Amino acid sequence: GILTIEAIKEVIGTSSYSSARLLTKGKNDFLYGRVEVRAKIPAGRGNWPAVWMLASQSDYGTQFWPDNGNIDILDCVGYDPGVIHAGVQTKAFNSVIGTQKSATTILADFDKVF
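A quick note: this is a predicted structure, and the numbers were derived from the prediction, not measured.

Looking at this structure, how should I read the layout of surface pockets?
Any empty space left between the atoms is revealed when a probe the size of a water molecule rolls over them. Empty space within the second largest pocket amounts to approximately 270 Å³. Lining the second largest pocket are 16 residues, and of these Trp48, Asp72, Asp75, His85 and Gln89 sit closest to its centre. No other element matches the five residues that strand S5 (residues 83-89) contributes to the lining of the second largest pocket. In terms of residue class, the lining of the second largest pocket is made up of six nonpolar, seven polar and three charged.

Printed below as a string of structure tokens:
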């Protein structure tokens, strides 16, 4: 199937647009596996489409993030079209302290095909 998430130009509170957030916490946990994402990403400044995973439990410290880390499956910053980021962040390796472990790839047709 296809899940479509759209930004809609409408005033909601102090925001000019609305969109969606998909929470799956408590729905499925796994230790090993593979996550595959096919996405057509919107082009344009101001958007930041992302697919990432957080831990379900906070066993590794007093702060949920970054103590329990996250996996960035897909991170695309609107001001940098076609540059797709992926990475892993932990307490020792995260963007706040500039030590995150990540990689980038260029996708010329990121906004045209899945």
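The discussion continues.
Please explain empty space enclosed by the protein as it appears in this structure.
Within the structure shown, the criterion is met by one cavity of 30 Å³ or more. Taken as a whole, the largest cavity holds about 30 Å³ of empty space. Forming the boundary of the largest cavity are Pro42, Ala43, Gly44, Asn47, Cys76, Val77, Gly78, Pro81 and Phe110. In terms of residue class, the lining of the largest cavity is made up of six nonpolar, three polar and no charged.

Teacher, can you tell me more about the pairing of strand S4 (residues 70-75) here?
When a strand is regular, its side chains alternate between the sheet's two faces. Here strand S3 (residues 50-54) pairs with S4 via five bridges, running antiparallel. Looking across to S4, one finds that Met53 is bridged to Ile71. Sheet topology places S4 next to S5; four bridges connect them, and they run antiparallel. Bridge pairing links Asp75 to His85 in S5.

Hey, could you run me through the sheet that holds strand S6 (residues 101-106) in this one?
Two modes of strand pairing occur in sheets, parallel and antiparallel, and in both the strands are linked by backbone hydrogen bonds. Overall, antiparallel pairing links the four strands, which are arranged S3-S4-S5-S6 in an open sheet. Because the sheet does not close on itself, it has two edges, and the strands there are S3 and S6. With direction set aside, neighbouring strand axes in the sheet form an average angle of 10°. Here six bridges tie S5 to S6, and the two strands are oriented antiparallel to one another. Considered in S6, the bridge of Ile84 is made with Thr105.

About the thresholds
Residues numbered from 1 in each chain as written. Predicted model: local features only at pLDDT ≥ 70, side-chain atom pairs only at ≥ 80, totals over all residues. Heavy atoms only, no water. 1 Å grid on protein atoms, 1.4 Å probe; cavity = no way out; pocket = protein on both sides within 12 Å on 5 of 7 lines; lining within 4 Å. Points joined across faces, edges and corners; volume = space filled by probe spheres on them. Helix = DSSP H or I, 4+ residues; strand = E, 2+ residues; numbered from the N terminus. Nonpolar A, V, L, I, M, F, W, Y, C, P; charged D, E, K, R; others polar. Pairing = 2+ DSSP bridges. Axes fitted to C-alpha atoms, helices over the stretch in contact; angles between N-to-C directions.

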